[in-house]
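Structural overview
Chain by chain, the residues run as shown.
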Amino acid sequence: MQIDVKENETGYLFPIDFEKLPFTPKRAFVVTNKNKNVIRGRHAHINEQHYLICLNGKVQIKFESADLNEVFFMGVGNSLYQKELEWLEIEFVEEQTMLLVFADKEFNENRYVRDYEEFKRMIRGKRYD
């Protein structure tokens, strides 16, 4: 989904209508980088959804789920809906890249899958091929 970013000579405005999000957010956070080629993410969520919006810069996302494995780029205004058991590895391609993330639940470390092999075992039975 592309956010309807308003741009003029002074900068950007990112209007976000919560009714258009796929869930009602319980929390929000911003992820930034200091240098290029920083990698973040490298995890999936159990029973939790996230919605990522690129506010500045560019990221390369390696995305994997039970039925999809792809790499794509997100730039200013692009967004991604991350459902449960979807693995993301996010590389910050440009300096000062900024992602705004909405989550449907409060933070709980127990809902995170940080071990890739464990993630693969979890989705093995959910493949749609």
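Heads up: the structure comes first, above all this text.
Reading the values: the criteria
- Residues numbered from 1 in each chain as written.
- Predicted model: local features only at pLDDT ≥ 70, side-chain atom pairs only at ≥ 80, totals over all residues.
- Heavy atoms only, no water.
- Core = buried A, V, L, I, M, F, W, Y, C linked by side-chain atoms within 4.5 Å.
- Buried < 20%, exposed > 50% of the residue type's maximum accessible area, 1.4 Å probe, protein only.
- Helix = DSSP H or I, 4+ residues; strand = E, 2+ residues; numbered from the N terminus.
- Contact = heavy atoms within 4.5 Å.
- Pairing = 2+ DSSP bridges.
- Axes fitted to C-alpha atoms, helices over the stretch in contact; angles between N-to-C directions.
- Phe/Tyr/Trp six-rings, centres within 6.5 Å; stacked < 30°, edge-to-face > 60°.

**Observations concerning the nonpolar core**
A general tendency of soluble globular proteins is for nonpolar side chains to be buried together. Core analysis: the largest hydrophobic core is formed by 13 residues, its most contacted members being Val 59, Ile 61, Met 74, Leu 88, Ile 90 and Leu 99. The set of elements that each furnish at least two residues to this core consists of strand 5 (50–56), strand 6 (59–64), strand 9 (87–92) and strand 10 (98–103). In contact with Val 59, not counting residues within four places along its chain, are Phe 72, Phe 73, Met 74, Ile 90, Glu 91, Phe 92, Val 93, Thr 97 and Leu 99. In terms of nonpolar packing, the next biggest core, distinct from the first, is built from 9 residues, Phe 14, Phe 23, Leu 100 and Phe 102 among them.

**Looking at unusual backbone geometry**
A negative phi angle is the norm for most residues apart from glycine, just as the trans form is the norm for most peptide bonds. In the Ramachandran plot, Asn 37 falls in the positive-phi region, its phi being about 65 degrees despite a non-glycine side chain. As for its position among the elements, Asn 37 is in the loop between strand 3 (27–32) and strand 4 (38–45). A positive phi angle is found at Asn 47, which is not glycine, with a value near 55 degrees. Looking at where Asn 47 falls in the secondary structure, it is placed in the loop between strand 4 and strand 5.

**Here's the deal with the sheet that holds strand 11 (residues 112–113)**
Spatially, 5 strands are ordered 7-6-9-4-11 in an open sheet, and the strand pairing comes out antiparallel. This sheet does not close on itself; its edge strands, each paired only once, are strand 7 (69–74) and strand 11. Each of strand 4, strand 6, strand 9 and strand 11 touches helix 1 (residues 116–124); the most contacted strand, strand 6, lies at about 45 degrees to it.

**Some points on the pairing of strand 6**
Most of strand 6 sits out of view: 5 of its 6 residues are buried. As judged from the 6 bridges shared by strand 6 and strand 7, these two strands associate in the antiparallel manner. Bridge pairing in strand 7 links Ile 61 to Phe 72. Between strand 6 and the antiparallel strand that follows it, strand 7, lie 4 residues. Where strand 6 lies against strand 9, 6 bridges are found, and the strand directions are antiparallel. From the neighbouring strand, Glu 64 faces strand 9, where its bridge partner is Trp 87.

**Things to note about the environment of Leu 100**
With respect to the element layout, Leu 100 can be found in strand 10. Residue Leu 100 is classed as buried on the basis of its relative accessible area of 14%. Each C-alpha atom of the pair Leu 100 and His 50 lies 10 Å from the other, and the pair is 50 residues apart in sequence. If we ignore the near neighbours within four places in the chain, the residues touching Leu 100 are Ile 16, Ala 28, Phe 29, Val 30, Tyr 51, Leu 52, Ile 53 and Leu 55.

**Focus on the sheet that holds strand 8 (residues 79–82)**
With antiparallel pairing, 4 strands are arranged side by side in an open sheet as 3-10-5-8. Bordering the open sheet on either side are strand 3 and strand 8, each of which pairs with just one other strand. Ignoring which end each strand starts from, the neighbouring axes of this sheet average 20 degrees apart. As defined by bridge partners, strand 3 adjoins strand 10 across 6 bridges and the pair is classed as antiparallel. Within the sheet, the bridge partner assigned to Ala 28 lies in strand 10 and is Phe 102.

**Considerations on the packing of aromatic side chains**
Enumeration according to the criterion identifies 7 aromatic pairs in this entry. Consider the rings of Tyr 12 and Phe 14, whose centres lie 6.1 Å apart with planes at 40 degrees: the pair is tilted. We classify Tyr 12 as partly exposed; its relative accessible area is 44%. With 5.4 Å between their ring centres and 75 degrees between their planes, Phe 18 and Phe 102 make a pair best called edge-to-face. Here Phe 18, found in the loop between strand 2 (11–13) and strand 3, pairs with Phe 102, found in strand 10; they are 84 residues apart in sequence, far enough to count as distant. For Phe 18, a relative accessible area of 47% puts it in the partly exposed group. One aromatic cluster is present, built from ring pairs that chain together Trp 87, Tyr 116 and Phe 119.

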